[in-house]
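Listed below are the residues making up each chain.
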Amino acid sequence: HNRALAPAAGADGRPTYRKQILGTYALLDRIRAAFPDVEIESCAGGGGRIDAGIATRTHRFWTSDNNDAVSRIHIQRGFLQFMPPELMGAHIGASPAHATGRRQSLDFRTLVAMPGHLGVEMDPRRLDPAGRDRLAGWIARYKEWRGALHKRRTWTGQAADSIHWQAQSDAKSLLLFVYRLDPATQRYTADLPLAMLDPARRYRVESLFPQEPDRLIDGSWLTGVGLPLPDLKAERGALFRLIAIDC
């Protein structure tokens, strides 16, 4: 049932929308009881079925058929207002994106998909050997970081000049994703304040992508002035890990 009920009434004119929902719940309950090892993915657009009732009966939500990475940043922000990232189906799509025709690098597409329930929504056989190796490397990192990405805290925000960011884990050790959506209008990228950090601690900042030497930065600087960011072109991203250490 991949559309909303319209009109939401039976042939007799009596309301049936609630019965449809309860029937869906009952069907899923029977399937889960009979096949406990089968994972079930609910669809965001299929009747608008992202809600707490479905969340208790499925393993994740397919957030949107639009898999364009720029579009997905906005879509996933909306999802994360109500649901946790481990339920957010977020796949590395093909380039060009089928919904928009935009071409984006494999790294950018992966950085956008990685904060959710990561999947691959393309044919890896179409990648050259270097691309397949790069995809395999990103998937290995995702498995390594799954404990930090899931079942912890999530922060999202937007900064000046088309910068969007998302942080996951906790204030002692977190992964920070930074994205630039549009071309920069300023010569230098402004520092990014991170208010969730502890100003009394010092942090080791690891630049995971693009790779740069580690830095030690006081929490008071990171919360007040902000984290220095690399100069990013449009539709590019960066990934950091910030680990609190004793002062």
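The following refers to the structure shown. (Residues numbered from 1 in each chain as written. Predicted model: local features only at pLDDT ≥ 70, side-chain atom pairs only at ≥ 80, totals over all residues. Heavy atoms only, no water.)

Looking only at helices and strands, the protein features six helices and 10 strands. Within the span of the protein, comprising 247 residues, buried residues form 45% of the whole. Sequence separation of at least 24 residues holds for 62% of the intrachain contacts in the protein that already meet a minimum separation of 6. With the model as given, the accessible surface of the protein reaches about 13300 Å², and the carbon-plus-sulfur share is 53%. With 34 positive and 27 negative side-chain charges, the protein shows a separation of 4 Å between the mean positions of the two kinds. (Helix = DSSP H or I, 4+ residues; strand = E, 2+ residues; numbered from the N terminus. Buried < 20%, exposed > 50% of the residue type's maximum accessible area, 1.4 Å probe, protein only. Contact = heavy atoms within 4.5 Å. Areas by Shrake-Rupley, 256 points an atom, 1.4 Å probe, with all protein chains shown as cover. Lys, Arg positive; Asp, Glu negative; His and termini not counted. Charge placed at Lys NZ, Arg CZ, Asp CG, Glu CD.)

For strand β8 (residues 202–209), the buried fraction is high: six of the eight residues fall into the buried class. When β8 meets strand β9 (residues 211–218), the two strands line up antiparallel, connected through six bridges. Each bridged residue has a counterpart across the sheet, and for Ser207 the counterpart in β9 is Glu212. Between β8 and β9, which follow one another and run antiparallel, lie one residue. In this sheet, strand β10 (residues 236–245) lies alongside β8 in antiparallel orientation, the contact comprising seven bridges. When the bridges of β10 are listed, Ser207 appears paired with Phe240. (Pairing = 2+ DSSP bridges.)

What follows is about the sheet that holds β9. Overall, antiparallel pairing links the six strands, which are arranged β5-β6-β7-β10-β8-β9 in an open sheet. The open sheet has two edge strands with one neighbour each: β5 (153–159) and β9. Pairwise comparison of adjacent strand axes, ignoring direction, gives a mean angle of 20° for this sheet. Contacts between helix α3 (residues 69–80) and the sheet are confined to β5, β6 (163–170) and β7 (173–180), with β6 contributing the most and set at about 40° to the helix. (Axes fitted to C-alpha atoms, helices over the stretch in contact; angles between N-to-C directions.)

Let's shift gears to the packing of α3 against helix α4 (residues 106–113). Two elements in contact, α3 and α4, have axes whose closest approach is 10 Å; the angle formed by their N-to-C orientations is 10°. The angle between α3 and α4 falls in the class roughly parallel. Taken together, the residues of α4 that come into contact with α3 (itself represented by Ala69, Val70, Arg72, Ile73 and Gln76) are Phe108, Arg109 and Val112. Taken together, the residues that form the contact of α3 with α4 break down as five nonpolar, one polar and two charged. (Parallel < 35°, antiparallel > 145°, perpendicular 65-115°, else oblique. Nonpolar A, V, L, I, M, F, W, Y, C, P; charged D, E, K, R; others polar.)

This part is about the side chain of Ser71. Its place among the elements puts Ser71 in helix α3. A relative accessible area of 16% means that Ser71 is categorised as buried. A distance of 3.3 Å separates polar atoms of two side chains, one belonging to Ser71 and the other to Arg102. (Polar contact = N/O pair within 3.5 Å; in protein donor to acceptor, adjacent residues only side chain to side chain.)

The subject of this paragraph is helix α1 (residues 17–34). End to end, α1 covers 26 Å across 18 residues, agreeing with the expected 26 Å (1.5 Å per residue, within 8%). Turning to α1, its buried residues number three or more, namely Ile21, Tyr25 and Leu28. Buried residues in α1, looked at end-on, bunch into an arc of 70°, giving them a common side. Of the exposed residues in α1, those oriented more than 90 degrees away from the buried face are Lys19, Arg30, Ala33 and Ala34. Elements in contact with the buried residues of α1: α2 (52–55). (Expected span 1.5 Å × (residues − 1). Arc of directions from axis to C-beta.)

A cluster of nonpolar residues, Leu27, Ile31, Phe35 and Val38, forms a patch on the protein surface that exposes about 340 Å² of accessible area. Position of Ile31 relative to the elements: it lies in helix α1. Judged by its relative accessible area of 30%, Ile31 falls in the partly exposed class. (Patch = residues over 30% accessible without salt bridge, like charges linked within 9 Å, V, L, I, M, F, W, Y side chains within 5 Å. Salt bridge = Lys/Arg side-chain N within 4 Å of Asp/Glu carboxyl O.)

The next subject is unusual backbone geometry. Cis geometry marks the peptide bond from Ser95 to Pro96, where omega comes out at 5°. With respect to the secondary-structure elements, Pro96 resides in the loop between β3 (88–93) and α4. The peptide bond linking Phe209 to Pro210 adopts the cis configuration, its omega dihedral lying at -10°. Secondary-structure assignment places Pro210 in the loop between β8 and β9. Phi angles above zero are rare outside glycine, and Ser162 is one such case at about 65°.

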